[in-house]
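# Residue-level structure breakdown
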Amino acid sequence: MNALEIKGISKSFGQKKVLDDISFQVPENCVFGFIGANGAGKTTTMKMILGLLKPDNGTGSIIACGEKVAFGSSKTNRLIGYLPDVPEFYGYMRPKEYLSLCAEIAGLDKKSIKGRINELLELVGLSDANKKIGGYSRGMKQRLGVAQALISEPKLLICDEPTSALDPIGRKEILDILRQIKGKATVVFSTHILADVERICDRVAVLNKGKIALESAIGELKVDRKSKSISLEFDKEVDADEVARVLASKGMAPAKCEIAERSIESLFLEAVK
Amino acid sequence: MIRQFQALSKKEFYESAATFRLYILLAVFLLFGMLSPLIAKATPDLLAAIDTGMVIEMPEPTALDSWTQFFKNVAQMGMIILVILYSGIMSNEFSKGTLVNLLTKGLSRSVVILAKFVAASIVWLASYLICLGTCWAYTIYFWGSVEISNAFLTFAAPWLFGEILIALLMLGGTIFSNVYGSLFTCFAAVVVLNAISLIPKASRYNPASLAGGTLALIAGAGEPSQFIPAMVVGAVLAAGLVVATIEVFKRKRV
């Protein structure tokens, strides 16, 4: 079964056509990367899945977890968790108070609320951060955002650029959390950071100029990807000449072999460990 | 629905306390309640203290003077403070985007508006009752027991006018998504209502008279039936504004 089916959706803001007849499916229990440049229409698509925006009249349909999404009605939203790109909270509340408000609105069983909140705070690593949300860092807010999105154990989790505004550590934490969710829920997340896609996605769709330019499983993408240039990374230090020799012995003598400069990201991660 | 309503009104009360709005309102109206009788009582002495060389003949102040002060304070400064403190009731949520998380959890949009309106109304009622109770107590203390004719009608009128103002702020905030939109809608409506009261025939039905106009009733000068049409129009107007806010919000992009 598909967790999400989008068929022939268009959306214009005034004269500008943001989405032009897009269709794609997201199978259950996968991590789906929704890739596109800034302004490609990712957020617009996500807001329509949540019923926060109305597709152009008479165009297509959106089916989430087997139910049709209707604008302005929040019926399907009990099955969907949503993490906005910059989640906003009531700064005067503490995380437990906020999650308890969310739980009551989502209609959770009164007895299970406390346990569920502790479980989620544990998952996102905020168990000890019991200060007012107003004093939270961006990364902490994002993690609390994941917790609030998961409060009602949704079948579908939609994250709008969850990592874009974060430092490398914050990004890694969010991606690790999303990876843990995989299997319990379907995750759709939009991003323009391709490295994130490679780390956790099973399937991807690329949105370009309001159309789906590419949709595929990551595995298929990789099999298809024969290339003249491949970069390798090892767990331990190796001798470049040795690598070239081994390859040559298999009939794949490299035309060029150079030692990669260490990426700033890896240096940063190591330095602040 | 009922649970969502409870959860959200709890949040509203918590917010009022956490942002000090509740305490400011209660304190200001407590002050008005105390000041009104005090000012009435002290005015002749104050005037006497200022030696202007003129002889001002002041009648001995009565309980009625105390109530005149009460209506003046509540209807003018009180309403202005109420409006300023509640100007962000909707617009803060929109400008910060704090409703997005809650709406995407299936929170009904009607519940948002109703819970906010009811919570604000209760805070307003509590502030108003404190003001009224204090004023009443001081007035009895200074002038002994006072007969008030048509007390309920008289004192319900300013509260009802406050309700109309809260509903206006909510409608304006929902339409314009910012504080200025809220304030503009509220002040524009009050100007229109006051303009209408220039037409003699319409003034009987005009809710603008609710703010301080029922004072005549206490003095025993007016007939309750004169004010009932304005009360009914006011209640219908407040309810209509809340319904309109819900309808606007349902169509709004969040």
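Each residue is numbered by its place in its chain's sequence as written, counting from 1. The naming scheme follows written order: chains are lettered A onward, ligands numbered 1 onward. For this predicted model, a pLDDT threshold of at least 70 governs which residues receive local features, and a threshold of 80 or more governs which side-chain atom pairs are given and counted, while totals over whole chains, interfaces and linings are taken from all residues. Hydrogen atoms and water are omitted, and side-chain values are computed over all heavy atoms in the structure.

Of the regular secondary structure elements, chain B holds ten helices and zero strands. What counts as a helix is a DSSP run of H or I of at least four residues, what counts as a strand is a run of E of at least two, and both are numbered from the N terminus. Starting at the N terminus, the α and β elements of chain B follow one another as α-α-α-α-α-α-α-α-α-α. By its C-alpha atoms, chain B is 70 × 40 × 35 Å across when sized along the principal axes. For this analysis, residues touch if any pair of their heavy atoms sits within 4.5 Å. Expressed as a percentage of contacts within chain B between residues at least 6 apart in sequence, the contacts between residues at least 24 apart total 82%.

Scanning chain A from terminus to terminus reveals nine helices and ten strands. With respect to the principal axes defined by its C-alpha atoms, chain A has extents near 65 × 50 × 35 Å. Think of it in three bands: with a 1.4 Å probe and only protein chains considered, a residue is buried below 20% of the maximum accessible area for its type, exposed above 50%, and partly exposed in between. For chain A, buried positions account for 44% of its 273 residues. A fraction of 64% describes how many contacts in chain A between residues 6 or more apart in sequence connect residues 24 or more apart. Here, Shrake-Rupley sampling with a 1.4 Å probe gives the accessible areas, and only protein chains in the shown set may cover a residue. For chain A, the accessible surface area stands at approximately 14,600 Å², while carbon and sulfur atoms represent 50% of it. Averaged over its 41 positive side-chain charges, chain A has a centre that lies 5 Å from the centre of its 36 negative ones. His is not counted here, nor are the chain ends, while Lys and Arg score as positive and Asp and Glu score as negative. For the purpose of locating charges, the reference atoms are NZ of Lys, CZ of Arg, CG of Asp and CD of Glu.

This next bit is on the side chain of Q142 of chain A. Structurally, Q142 of chain A can be placed in helix α4 (residues 138-149). Contacts of Q142 of chain A, omitting those with residues within four sequence positions, involve L83, P84, D85, P87, E161, P162, L166 and I174 of chain A.

Bringing the sheet that holds strand β5 (residues 67-68) of chain A into the picture now. Through backbone hydrogen bonds, the strands of a sheet pair up, either in parallel or in antiparallel fashion. All names here are of chain A. Here four strands make up an open sheet; going across it, the order is β2-β1-β4-β5 and the pairing antiparallel. In this open sheet, the two strands that pair with only one neighbour each are β2 (16-27) and β5. Relative to strand β4 (residues 61-64), strand β1 (residues 2-13) runs antiparallel, the two being bridged by four bridges. Across the sheet, the residue bridging to E5 is I63, located in β4. Helix-sheet contacts for helix α1 (residues 42-49) involve β1, β2 and β4, and the interaxial angle to β1 is about 120°. DSSP-based pairing: two strands are paired if at least 2 bridges between them are found. Axis definition: a line fitted to C-alpha atoms, limited for helices to the stretch in contact. Angles are taken between N-to-C directions and run from 0 to 180 degrees.

This part is about the side chain of R116 of chain A. Relative to the helices and strands, R116 of chain A resides in helix α3 (residues 110-123). Residue class for R116 of chain A comes out buried when judged on its relative accessible area of 10%.

Our focus in this paragraph is the interface of chain A and chain B. As a measure of interface size, the accessible area lost when the parts come together is often cited. Counting from both sides, the interface comprises 31 residues of chain A and, opposite them, 28 residues of chain B. Summed over both partners, the accessible area (1.4 Å probe) lost when two parts come together is defined as the buried area. Together, the buried faces of chain A and chain B total about 2,600 Å²; carbon and sulfur atoms form 57% of this surface. Of all residues in chain A, Y90, Y92 and I105 of chain A give up the largest surface area on contact with chain B, accounting jointly for 28% of the area buried on that side. By definition, a salt bridge exists where a carboxyl oxygen of Asp or Glu is found within 4 Å of a side-chain nitrogen of Lys or Arg. The tally of links between chain A and chain B comes to one salt bridge.

In this section: the packing of aromatic side chains. Note on aromatic contacts: the rings of Phe and Tyr and the six-membered ring of Trp form a pair at centre separations within 6.5 Å, being stacked when their planes are under 30 degrees apart, edge-to-face when over 60 apart, and tilted otherwise. Within the structure shown, the criterion is met by 22 aromatic pairs over all chains. Here the aromatic rings of Y90 of chain A and Y92 of chain A are separated by 5.9 Å at their centres, their planes lie at 35°, and the arrangement is tilted. The same class applies to Y90 of chain A as to Y92 of chain A, namely buried. Plain terms: the ring middles of W67 of chain B and F70 of chain B are 5.5 Å apart, the flat faces sit at 85° to each other, and that makes the pair edge-to-face. A residue pair is termed a helical-turn pair when its members lie 3 or 4 positions apart in one helix, as W67 of chain B and F70 of chain B do in helix α3 (residues 63-85) at three residues. For the pair shown, W67 of chain B and F70 of chain B are each scored as buried. An aromatic cluster is present here, built from F29, F32, W67, F70, F71, W124, Y128, W136 and F155 of chain B joined pairwise through their rings. By the criterion adopted, a ring carries a charge over it if an Arg CZ or a Lys NZ lies within 6 Å of its centre and within 35 degrees of its normal. Across the ring face of F249 of chain B, the terminal group of R109 of chain B is positioned such that the distance to the ring centre comes to 5.2 Å. Sitting over the ring of F94 of chain B, K252 of chain B keeps its end group 4.7 Å from the ring centre.

Before going further, it helps to spend a moment on the environment of F89 of chain A. With respect to the secondary-structure elements, F89 of chain A resides in the loop between β6 (80-83) and α2 (95-106). Each C-alpha atom of the pair F89 of chain A and G145 of chain A lies 8.7 Å from the other, and the pair is 56 residues apart in sequence. Filtering out sequence-adjacent residues up to four positions away, F89 of chain A remains in contact with Y98, I133, K141, L144, G145 and Q148 of chain A together with T98 and N101 of chain B.

All told, the structure shown has 20 salt bridges over all chains when counted by the stated rule. Ionic pairing is found between K172 of chain A and D176 of chain A, a salt bridge with its closest N-O pair at 3.1 Å. A residue pair is termed a helical-turn pair when its members lie 3 or 4 positions apart in one helix, as K172 of chain A and D176 of chain A do in helix α5 (residues 168-181) at four residues. In this structure D176 of chain A comes out as partly exposed when scored by relative accessible area, which is 26%. By sharing partners, the salt bridges in this structure join K11, E12, E15, E93 and K116 of chain B into a single network.

All names here are of chain A. Judged from the two bridges that link them, β4 and β5 form a sheet pairing that is antiparallel. Directly across from I63, in β5, lies its bridge partner K68. Connecting the antiparallel pair β4 and β5 is a turn made up of two residues, with C65 showing a positive phi of about 50°.

Take the pairing of strand β7 (residues 156-160) of chain A next. All names here are of chain A. Taking burial as the measure, the five residues of β7 include five buried ones, the bulk of the element. Along β7, one buried face is formed by L156, I158 and D160 and the opposite face, lined by L157 and C159, is buried too. In this sheet, β7 lies alongside β6 in parallel orientation, the contact comprising four bridges. Paired with I80 across the bridge in β7 is L156. In terms of handedness, the path from β7 via α5 over to strand β8 (residues 186-191) forms a crossover that is right-handed. With its strands directed away from the observer, a crossover is right-handed exactly when the path from the first strand over the helix to the second travels clockwise.

So, about the packing of helix α1 (residues 2-18) of chain B against helix α6 (residues 109-143) of chain B. All names here are of chain B. Interaxial distance between α1 and α6 falls to 9 Å at its minimum, and their mutual angle equals 45°. Considering their axes alone, α1 and α6 lie oblique with respect to each other. Remark: the crossing between α1 and α6 carries right-handed chirality. In this structure, α1 contributes Q4, F5, L8, S9, K11, E12, F13 and S16 to the contact, and α6 contributes V111, V112, L114, A115, K116, V118, A119, I122 and V123. Residue composition of the contact of α1 with α6, by class: eleven nonpolar, three polar and three charged. Here the word oblique covers every angle except those under 35 degrees (roughly parallel), over 145 (roughly antiparallel) and from 65 to 115 (roughly perpendicular). Take the far helix as the reference: if the near one is turned anticlockwise from it by less than a right angle, the crossing is left-handed, and if turned clockwise, right-handed. Each residue gets one label: Ala, Val, Leu, Ile, Met, Phe, Trp, Tyr, Cys and Pro are nonpolar, Asp, Glu, Lys and Arg are charged, and the others, such as Gly, are polar.

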